[in-house]
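Here's the letter readout for the chains.
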Amino acid sequence: MVKRKERRDPEELGDAPPAKEHQDGDESSDDDMDMLDVEFEWFDPSPEVDFHGLKTLCRQLFDVDNQLFDLSALADLVLSQPTLGSTVKVDGLESDPYAFLTVLNLHEHREKQVIKDLTSYVLRKSATDASTAQLAQLLDPASPAQVGLILTERFINMPSEIVPPMYNMLLEEMQWALEDKEPYHFSHYLLISKTYLEVESKLDQQETRPKKKGKKEASSETFYFHPEDEVLHKHALAHCNYEYDKQGDEGASDAKRAFQEAGVKPVGHMILIDGSKFEGAIKAVGEYLGGPAAQ
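Residues numbered from 1 in each chain as written. Predicted model: local features only at pLDDT ≥ 70, side-chain atom pairs only at ≥ 80, totals over all residues. Heavy atoms only, no water.

1. A closer look at the side chain of threonine 119
Relative to the helices and strands, threonine 119 resides in helix α3 (residues 113-126). Under the relative-accessibility criterion, threonine 119 is labelled buried at 17%. Once residues lying within four places of it in the same chain are set aside, the contact partners of threonine 119 are Leu106 and Leu139. (Helix = DSSP H or I, 4+ residues; strand = E, 2+ residues; numbered from the N terminus. Buried < 20%, exposed > 50% of the residue type's maximum accessible area, 1.4 Å probe, protein only. Contact = heavy atoms within 4.5 Å.)

Right, dumping it as structure tokens:
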């Protein structure tokens, strides 16, 4: 079944305003800013043009642990099912994707080395939390469970409103696939994501002068790169953060600082959702994030 996937929805994104000279002693208004209209388009993954773009986004998704996986094989696997999942672009089909979302059947592809590596990784990380330890049974080769691995990532400056259409399209595409007797009936969905923690800044440790009054301390609170993850938690069987195998060099957390006092430490994150709850979870994501509705 051929699908046409072009949804163009203008998003107004704020850029920093250009420097302006003050005239007649008047200060420039805080409301002054240039507005940039960006036209986003949704496409099926294209084996001809998306290999490098998907590989880059997968590298970003797995952060410092990306070297543990054959990302070329993973990108090829995503592209082997071009009628399932979406990419988001701004310069037409031939441009690189700025975001993507897809689902892989872990049981169907269990003999592929990259899936073996991912499954082993997930089992190690999920075992560190009591709630996600149930994945050991679900991913056992003898288990009747069918687990769909959701992979999704986007550039950090992409608006979250692009997310609901990708998930709505995925639901529709899986239904089409099931009508064609393809293996996309999942008992569970496992989403790989990442979050971050605030940690004490190495730069602060090096300072000999007293800390500034009111200086923000590091906390154990989890912060989200993907705001939809918090919504998915409410419909999930389990979720957890996990430490990456590889650790960044000393001072790496400070390199990720942006307009804040504490350092930023990315950590892995996974969310397990029962298959019967998935559609309701996606509806809730749409209600929370807004954005264009799926057609």
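After that view, the rundown keeps rolling.
2. Description of the nonpolar core
One finds Phe62, Leu74, Leu135, Leu151, Ile192 and Met270 to be the most contacted residues of the largest nonpolar core, which totals 34 residues. Looking at which element gives the most residues to this core, the answer is helix α2 (residues 71-79), with six residues. Residue contacts for isoleucine 192: discarding those within four places in its chain leaves Leu61, Phe62, Val122, Leu149, Ile150, Leu151, Tyr242, His269 and Met270. If you look at the next biggest cluster of nonpolar residues, it comprises 32 residues, including Ile150, Met166, Tyr184 and Leu232. (Core = buried A, V, L, I, M, F, W, Y, C linked by side-chain atoms within 4.5 Å.)

3. Remarks on the packing of aromatic side chains
A complete count under the given rule lists 11 aromatic pairs for this structure. Aromatic pair tyrosine 167 and phenylalanine 278: ring centres 6.3 Å apart, planes at 70°, arrangement edge-to-face. You can see tyrosine 167 sitting in helix α5 (residues 163-179) and its partner phenylalanine 278 sitting in helix α9 (residues 278-289), a full 111 residues away along the chain. Relative to phenylalanine 186, the ring of tyrosine 184 has its centre 6.2 Å away and its plane inclined at 75°; by these criteria the two rings are edge-to-face. Residue tyrosine 184 is classed as buried on the basis of its relative accessible area of 10%. Feature note: the residues Phe62, Phe69, Tyr121, Tyr242 and Tyr244 constitute an aromatic cluster, connected by ring pairs. One cation-aromatic arrangement involves lysine 89 over phenylalanine 43; the distance from NZ or CZ to the ring centre is 5.8 Å. (Phe/Tyr/Trp six-rings, centres within 6.5 Å; stacked < 30°, edge-to-face > 60°. Lys NZ or Arg CZ within 6 Å of the ring centre and 35° of its normal.)

4. What about the pairing of strand β3 (residues 86-89)?
Side chains Ser86 and Val88 project from β3 onto one buried face, and the interleaved Thr87 and Lys89 project onto a second face that is buried too. Note that β3 and strand β4 (residues 99-105) share three bridges and pair antiparallel. Bridging across to β4, serine 86 finds its partner in leucine 101. (Pairing = 2+ DSSP bridges.)

5. A few points about unusual backbone geometry
Positive phi values are uncommon outside glycine, yet aspartate 63 reaches one of about 50°. Among the secondary structure elements, aspartate 63 is positioned in the loop between α1 (51-62) and α2. Positioned with a positive phi, lysine 181 is a non-glycine residue whose angle comes to about 65°. Here lysine 181 lies in the loop between α5 and β6 (188-199).

6. Some thoughts on α2
When α2 is considered as a whole, its buried residues turn out to be Leu71, Leu74, Ala75, Leu77, Val78 and Leu79. For α2, the N-terminal cap is aspartate 70; the gap from its side-chain oxygen to the backbone nitrogen of serine 72 is 3.2 Å. (Polar contact = N/O pair within 3.5 Å; in protein donor to acceptor, adjacent residues only side chain to side chain.)

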